[in-house]
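Each chain, letter by letter, is given below.
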Amino acid sequence: MSLVSFGLGQAAFIRPKVTTLTIHEKKARQQRITCLTAYDYATSRLVDEAGVDMILVGDSLAQVVLGYENTMPVTMEEMLHHTRAVRRAVKSALVIADMPFGSYHGEVEQGVHNAIRFVKEAGAEAVKLEGGSQRVELVKRVLDSEIPVMGHIGLTPQSVHKMGGYKVQGKDLGGIERLVKDAIALDRAGIFSLVLEGVPREVAAMITAEVSVPTIGIGAGPECDGQVLVFHDIVNLTFSPAAKFVRRYGDAASLISNAVHQFVSDVESGSYPSDEESYHLPKETKAEFETIMRRKQLKAYTR
Ligand code: KIV
């Protein structure tokens, strides 16, 4: 990190830009990798400035920002819109756009076209897509377009209907074998990192030892090379009980709610705004203004 001084004695640490190479170097040095989701300018700035390695504009946007029941309805246009806002905020973290349901499930060309849109129209530096061996051809084609790909296996929320609910994956030997095969297939296809979601700790540890790329766990235990969580989960902004793996680091719901209650009460009682919170006329105008007001009052009185 370098120390950059600003004119008024302020100083700020500027982090070097995180790239996919940085992520690989961190794994090689056995340094844990951090990733959080973010979807807008304000929170992305805070997340970036707090030193997170990667920011994922997750399709969890559908639920935590747009209020949908699951991730399926969020569109390419909505994901692009939010990725642009994140891009404008982030200086150092690697910005990854999550490909939404339906944007890569048809022809490979469709997936490549949409991955390119995230980079060209929204400034993403990588894309994430869900699925294992069935995505190998697409991963290779997206890489041929010079776009790094993050894989995502295990509990993949876009497969909620196929899985019959949000269920931990890889709990039996058949399931473990499928996960390991998928991880190896994606690793060989050239992904730069792999999200392992909702899998037993032992299975995540095994996959982490097996593949060359960093594994980023969410509900996958501490042996992964890094961890990702949904921003709204860690600050209590999800309006639902947290999953087992979520650790809450703050209570934004209380903070916001208290601030809004206070505002309502201050406006209703007349204590906001105060004189200090009001603009005033300049001296010269004030004298003339008061003369006019006095004349007005006099006229009204003599009528
Ligand atoms: O959309 C998302 O938030 C995700 C992460 C939880 C990995 O895919």
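Values in this document were obtained by computation on a predicted structure and should not be read as measured data.

Asks: Pulling in residues and values, what's your account of the overall build of the protein?
Replies: Each helix and strand in the protein was counted, giving 12 helices and 10 strands. A compact globule built from 303 residues would reach a C-alpha radius of gyration of about 19 Å, whereas the protein, at 26 Å, exceeds it by more than 25%. Expressed along its principal axes, the backbone C-alpha trace of the protein runs to roughly 95 × 45 × 35 Å. When the 303 residues of the protein are sorted by exposure, 43% land in the buried category. Surface summary for the protein: the accessible area is close to 17,300 Å², and the carbon and sulfur share equals 56%. Taken as two groups, the 34 positive and 37 negative side-chain charges of the protein have centres that lie 3 Å from each other.

Asks: How would you explain the environment of Gly151 if you had to name every residue and give the values?
Replies: Along the chain, Gly151 turns up in strand E7 (residues 149–154). Those residues within four positions of Gly151 in sequence are excluded, and the remaining contacts are Lys128, Leu129, Ile191, Ser193, Leu194 and Val195.

Asks: Lay out the layout of surface pockets in plain terms, naming residues and giving numbers.
Replies: A water-sized probe, rolled over the atoms, reveals where empty space remains. Here the second largest pocket defines a volume of roughly 500 Å³. If you go around the second largest pocket, you meet 24 residues; those closest to its centre are Gly154, Thr156, Ser159, Lys162 and Gln169. Looking at the lining of the second largest pocket, the elements that each hand over two or more residues are E7, helix H7 (160–163) and helix H8 (173–189). Ranked by the residues each element gives to the lining of the second largest pocket, the list is headed by H8, at 4 residues. Across the lining of the second largest pocket, the residue classes tally to 5 nonpolar, 12 polar and 7 charged.

Asks: Could you give an account of the pattern of salt bridges, naming the residues involved and the relevant values?
Replies: Opposite charge on two side chains lets them pair, provided their charged atoms get close. The full count for this structure, using the stated rule, is 14 salt bridges. One salt bridge in this structure joins Lys17 and Glu125, with 3.1 Å as the shortest N-O distance. Note that Lys17 is positioned in the loop between strand E2 (11–14) and helix H1 (20–28) and Glu125 in the loop between helix H5 (108–122) and strand E6 (126–130), a separation of 108 residues in sequence. Lys17 gets classed as partly exposed once you look at its relative accessible area, which sits at 33%. With relative accessibility at 23%, the residue Glu125 sits in the partly exposed group.

Asks: Run through the nonpolar core, naming residues and quoting values.
Replies: Core analysis: the biggest nonpolar cluster contains 74 residues, and Met54, Phe118, Leu194, Leu196 and Ile207 have the highest contact counts within it. Residue contributions to this core peak at 6 residues, all from H8. Not counting residues within four places of it along the chain, the set of residues in contact with Leu196 comprises Ile153, Ala204, Ile207, Thr208, Thr215, Ile216, Gly217, Ile218, Ala220 and Cys224.

Asks: If you had to explain the pairing of strand E3 (residues 33–37) to someone new, which residues and values would you point to?
Replies: E3 sits mainly inside the fold: 4 of its 5 residues count as buried. Across 4 bridges, the pairing between E3 and strand E10 (residues 226–229) is parallel. Looking across to E10, one finds that Ile33 is bridged to Gly226. Following the backbone out of E3, through helix H2 (residues 41–49) and into the adjacent parallel strand E4 (residues 54–57), one traces a crossover that is right-handed.

Asks: An account of the side chain of Ser103 is needed here, citing residue identities and associated values.
Replies: Considering the arrangement of structural elements, one finds Ser103 in the loop between strand E5 (94–98) and H5. In this view, Ser103 contacts Met76, Gln110, Gly111 and Asn114; residues no more than four positions away in its chain are not counted.

Asks: Break down the site of the ligand for me, citing the residues and quoting the values.
Replies: Close to the ligand lie Thr37, Leu56, Gly58, Asp59, Ser60, Asp98, Lys128, His152, Val195, Ile218 and Val230. Between the ligand and the protein, one listed contact pairs an oxygen atom with a side-chain N or O atom of Ser60 at 2.5 Å. Taking Lys128, its side chain carries an N or O atom lying 3.1 Å from an oxygen atom of the ligand. Relative to its unbound accessible area of 260 Å², the ligand is 96% covered by the protein chains. Broken down by class, the residue content of the shell around the ligand amounts to 4 nonpolar, 4 polar and 3 charged.

Asks: Can you tell me about the pairing of E10, naming the residues and giving the values?
Replies: Alignment of strand E9 (residues 215–218) against E10, held across 2 bridges, turns out to be parallel. Pairing of Ile216 across the sheet is with Gly226, part of E10.

Asks: Go over the sheet that holds E5 with me, naming the residues and quoting the values.
Replies: Pairing is parallel around the closed barrel formed by 8 strands, whose spatial order is E3-E4-E5-E6-E7-E8-E9-E10. Put simply, the sheet's adjacent strands are angled 25° from each other on average, direction ignored. Along the sheet, helix H4 (residues 76–89) contacts E4 and E5; its crossing angle with E4, the most-contacted strand, is approximately 155°.

Definitions and cut-offs
- Residues numbered from 1 in each chain as written.
- Predicted model: local features only at pLDDT ≥ 70, side-chain atom pairs only at ≥ 80, totals over all residues.
- Heavy atoms only, no water.
- Helix = DSSP H or I, 4+ residues; strand = E, 2+ residues; numbered from the N terminus.
- Rg over C-alpha atoms; globule rule 2.2 N^0.38 Å.
- Buried < 20%, exposed > 50% of the residue type's maximum accessible area, 1.4 Å probe, protein only.
- Areas by Shrake-Rupley, 256 points an atom, 1.4 Å probe, with all protein chains shown as cover.
- Lys, Arg positive; Asp, Glu negative; His and termini not counted.
- Charge placed at Lys NZ, Arg CZ, Asp CG, Glu CD.
- Contact = heavy atoms within 4.5 Å.
- 1 Å grid on protein atoms, 1.4 Å probe; cavity = no way out; pocket = protein on both sides within 12 Å on 5 of 7 lines; lining within 4 Å.
- Points joined across faces, edges and corners; volume = space filled by probe spheres on them.
- Nonpolar A, V, L, I, M, F, W, Y, C, P; charged D, E, K, R; others polar.
- Salt bridge = Lys/Arg side-chain N within 4 Å of Asp/Glu carboxyl O.
- Core = buried A, V, L, I, M, F, W, Y, C linked by side-chain atoms within 4.5 Å.
- Pairing = 2+ DSSP bridges.
- Right-handed = clockwise from strand over helix to strand, strands pointing away.
- Near = heavy atom within 4 Å.
- Polar contact = N/O pair within 3.5 Å; in protein donor to acceptor, adjacent residues only side chain to side chain.
- Axes fitted to C-alpha atoms, helices over the stretch in contact; angles between N-to-C directions.

Limitation: the analysis is restricted to geometry and does not speak to function.
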